[in-house]
Amino acid sequence: MLGWTTTYTGGIYSRAGLRGGGQRIPSYTMSRANISYKTDAYEIGVFANNIFVKYAITGIGNDLTRYGQVNDGVIYRGYAQSVAQPRVIGVESRLKF
């Protein structure tokens, strides 16, 4: 069995209406392919996720409104972006009882 999946995630806001330091997270697409062999007793396959090694921001932690502020001599650096996992290639197997 051969399989190919492409998913699209449209540009979304990190906060409703971009209020309170919200940002627009850009849209992206991800692709996955797999090939597997299946019998009545087991299934084994090879897969690849994020085939084209797409760099994509998937989420934002905190916001930029406080970034760089100094509090008791400590600079706030709580802003973070989550990114998509790079290409992953692996083997999957399933046993049927």
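First, a word on what this report is: a plain description of the structure on this page. (Residues numbered from 1 in each chain as written. Predicted model: local features only at pLDDT ≥ 70, side-chain atom pairs only at ≥ 80, totals over all residues. Heavy atoms only, no water.)

## Overview of the sheet that holds strand 1 (residues 2-9)
Either a parallel or an antiparallel arrangement is found when strands of a sheet pair, and the pairing is made through backbone hydrogen bonds.
Point 1. Here four strands make up an open sheet; going across it, the order is 1-4-5-10 and the pairing antiparallel. Two strands bound the open sheet, and with one partner strand each, they are strand 1 and strand 10 (88-95). Averaged over all pairs of adjacent strands, the angle between their axes in this sheet comes to 20 degrees, without regard to strand direction.
Point 2. Bridge count between strand 4 (residues 28-38) and strand 5 (residues 42-49): seven bridges; the pairing is antiparallel. Counterpart to Y37 in the pairing with strand 5 is I44. (Pairing = 2+ DSSP bridges. Helix = DSSP H or I, 4+ residues; strand = E, 2+ residues; numbered from the N terminus. Axes fitted to C-alpha atoms, helices over the stretch in contact; angles between N-to-C directions.)

## Observations concerning the side chain of N50
Point 1. Mapped onto the elements of the fold, N50 is located in the loop between strand 5 and strand 6 (57-61).
Point 2. A polar contact is formed between the side chain of N50 and the backbone oxygen of Q85, at a distance of 2.8 Å.
Point 3. In contact with N50, not counting residues within four places along its chain, are M30, S31, Q85, P86 and R87. (Polar contact = N/O pair within 3.5 Å; in protein donor to acceptor, adjacent residues only side chain to side chain. Contact = heavy atoms within 4.5 Å.)

## Regarding the pattern of salt bridges
Point 1. All chains considered together, the criterion is met by two salt bridges.
Point 2. Taking the shortest distance from any N to any O, the salt bridge between E92 and R32 comes out at 3.2 Å. Residue E92 is located in strand 10, and its partner R32 is located in strand 4; the two are separated by 60 residues in the primary sequence.
Point 3. We classify E92 as partly exposed; its relative accessible area is 27%. (Salt bridge = Lys/Arg side-chain N within 4 Å of Asp/Glu carboxyl O. Buried < 20%, exposed > 50% of the residue type's maximum accessible area, 1.4 Å probe, protein only.)

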